[in-house]
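Coordinate analysis (summary)
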Amino acid sequence: MSNQKRYKYTISSNNGILSSEQRDFFEINGYIVIKHLINETLLDLFKQRFIDICEDKVNRGGITVMKDISSVKINREAISKERIVNKIQDIVWDDVFEQYFLHPELLDYVQCFTGNNIMAMHSMLINKPPDTGSMTSRHPMHQDLHYFAFRPADRIVATWTAMQTVTKTNGCLFVLPGSHIHPGKLLPHEYPEWKGGVNKGFHGITGYDSHQKKYLVMNPGDTVLFHPLLIHGSGPNTSQETRKAISCHFASCECQYIDVTGTTQQNIAIEVKEIARRRGFNDMDFKDFWKFRSRLVRGLKMHL
């Protein structure tokens with residue numbers, strides 16, 4: 001494989017963190033897995049913090065708690081609160097979780113794609129519950145850029161860290177290698193028509209050939225970095241335990257906000273504005289939403 005740069009979405013210097021082979025792999029496939037990046041002691045702290053939030057033992061602050069639509073229909077006395085919550089978001093300011101978003105080694109890798117000035121834009125801990133039989137624990141194929149009101153895409157990168165062993169059985173991530181190049185554009189997203197229903201915000205790409213799925217089996221602390229146009233998703237959790245991962249989308253501070261009116265992203269912008277209105281933020285638009293939930297984690301703040 002040639003070491004010559006093939007595509008133009010990564011920066012020219014990476015401080016020697018990534019080898020030429022790793023850079024080539026990312027540029028061709030749109031993702032790369034770094035083994036054992038986050039230590040398990042830290043992951044254990046995150047697990048306990050998540051449980052404490054589920055059980056209302058700590059102040060949530062501005063953290064958004066989301067619940068699996070099929071789990072909430074079950075007798076709540078029969079299952080723990082931990083199994084009802086499928087995701088917490090906007091955790092970047094939390095005293096415990098911030099240790100992930102400010103993690104020096106993690107940011108060294110992120111910097112290879114964003115440059116020196118980095119904003120943490122979307123922070124979350126994903127807790128995929130055992131599927132109730134409705135298949136709502138699935139996450140449809142999607143591109144993360146669908147949710148973002150900032151560009152350019154080539155200066156945005158996601159990190160997703162396994163907090164335990166993740167396998168096809170408990171619903172590991174799958175990716176479509178090279179889909180950030182082919183089709184190489186943002187596709188329309190809608191809620192899929194699933195018999196058991198779809199969790200809030202789980203938009204997906206419809207009518208796209210998924211035969212090239214690559215399942216990412218990972219160990220605790222393994223971290224995948226991927227491009228925001230990469231098509232990915234996850235299958236159902238058919239195990240008896242929850243499957244946890246902590247994740248963030250980082251962007252260069254030099255990125256700028258865009259107007260998504262009249263684009264394929266208008267549906268998510270309308271949905272977000274309605275959520276904000278119900279929470280008392282009547283004048284919050286899509287750009288304000290992202291400004292509200294982001295944090296400078298390295299370097300100097302600029303446009304974002």
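Just so you know, these numbers come straight off a predicted model, no measurement behind them.

1. A few points about helix α7 (residues 286-293)
Taken as a whole, α7 has its buried residues at Phe 286, Phe 289, Trp 290 and Arg 293. All buried residues of α7 lie within an arc of 90 degrees about the axis, which places them on one face of the element. Tucked into the core, α7 has its buried residues touching β3 (85-89), β4 (118-128), β6 (150-151), β15 (256-257), α6 (266-278) and β16 (295-298).

2. Description of the environment of Gly 171
Its location among the elements puts Gly 171 in the loop between β7 (156-162) and β8 (173-175). In the structure, Gly 171 is positioned 41 residues away from Pro 130 in sequence and 9.2 Å away in space, judged by C-alpha atoms.

3. Concerning α6
Over its 13 residues, α6 extends 19 Å from the first C-alpha to the last, a length consistent with the 18 Å expected when each residue adds 1.5 Å. Inspection of α6 places Ile 268, Ala 269, Glu 271, Val 272 and Ala 276 among the buried residues, and these make up the whole buried set. Each buried residue of α6 sits inside an arc of 165 degrees when the element is viewed along its axis, so together they form one side. Seen from the buried face of α6, the exposed residues on the opposite side, beyond 90 degrees, are Ile 270 and Arg 278. Lining the buried residues of α6 we find α7.

4. Thoughts on the nonpolar core
In terms of nonpolar packing, the biggest core is built from 37 residues, with Phe 46, Ile 88, Phe 97 and Phe 250 touching the most fellow members. The set of elements that each furnish at least two residues to this core consists of β1 (31-34), α2 (40-54), β3, α4 (98-101), α5 (104-114), β4 and β14 (243-252). Look past the residues within four positions of Ile 88 in its chain and what remains in contact with it is Phe 50, Ile 53, Ile 63, Thr 64, Val 65, Phe 97, Ser 123, Met 124 and Leu 125.

5. What about the sheet that holds β8?
Spatially, β5-β13-β8-β11 is the arrangement adopted by the 4 strands of the open sheet, whose pairing is antiparallel. Every interior strand has two partners, whereas the edge strands, β5 (139-142) and β11 (214-215), have only one. One ladder, built from 3 bridges, connects β8 with strand β13 (residues 232-234); its direction is antiparallel. In the sheet register, Leu 173 faces β13, and the bridge partner there is Ser 234.

6. Overview of the pattern of salt bridges
In the structure shown here, the tally under the stated rule is 10 salt bridges. We note a salt bridge from Lys 35 to Asp 222, for which the minimum N-O separation is 3.4 Å. Placement of Lys 35 in the loop between β1 and α2 and of Asp 222 in the loop between β11 and β12 (223-226) is noted, with a sequence separation of 187 residues between them. Under the relative-accessibility criterion, Asp 222 is labelled buried at 0%. Measuring nitrogen to oxygen at the nearest pair gives 2.9 Å for the salt bridge that ties Arg 295 to Glu 98.

7. Some details on the side chain of Gln 164
Mapping Gln 164 onto the fold places it in the loop between β7 and β8. One polar contact links the side chain of Gln 164 to the main-chain carbonyl oxygen of Thr 242, over a distance of 2.9 Å. In this structure, Gln 164 is in contact with Asn 170, Met 218, Asn 219, Pro 220, Thr 242, Arg 243 and Lys 244, ignoring residues within four places of it in sequence.

8. Some words on the side chain of Gln 89
In this fold, Gln 89 is placed in strand β3. The exposure class assigned to Gln 89 is buried, which follows from its relative accessible area of 11%. Residue contacts for Gln 89: discarding those within four places in its chain leaves Ile 63, Thr 64, Met 66, His 122, Ser 123, Met 124 and Arg 293.

9. As for the state of the cysteines
Overall, the coordinates contain 0 disulfides when judged by the stated rule. Not engaged in a disulfide, the cysteine Cys 253 finds its nearest cysteine sulfur in Cys 255; these two sulfurs lie 8.5 Å apart.

10. Observations concerning the confidence of the model for the chain
With 90% of its residues at a pLDDT of at least 70, the chain reaches an overall mean of 86. Counting contacts from residues 1-7, a segment whose pLDDT is below 50, to residues more than four positions away or on other chains yields 18 contacts.

11. Here we look at the environment of Thr 136
Assignment of secondary structure puts Thr 136 in the loop between β4 and β5. Residue class for Thr 136 comes out buried when judged on its relative accessible area of 1%. Taking the C-alpha atoms as reference, Thr 136 lies 5.9 Å from Val 198; in sequence the two are 62 residues apart.

Reading the values: rules and limits
Residues numbered from 1 in each chain as written. Predicted model: local features only at pLDDT ≥ 70, side-chain atom pairs only at ≥ 80, totals over all residues. Heavy atoms only, no water. Buried < 20%, exposed > 50% of the residue type's maximum accessible area, 1.4 Å probe, protein only. Helix = DSSP H or I, 4+ residues; strand = E, 2+ residues; numbered from the N terminus. Arc of directions from axis to C-beta. Contact = heavy atoms within 4.5 Å. Expected span 1.5 Å × (residues − 1). Core = buried A, V, L, I, M, F, W, Y, C linked by side-chain atoms within 4.5 Å. Pairing = 2+ DSSP bridges. Salt bridge = Lys/Arg side-chain N within 4 Å of Asp/Glu carboxyl O. Polar contact = N/O pair within 3.5 Å; in protein donor to acceptor, adjacent residues only side chain to side chain. Disulfide = S-S within 2.5 Å. pLDDT = per-residue confidence, 0-100.

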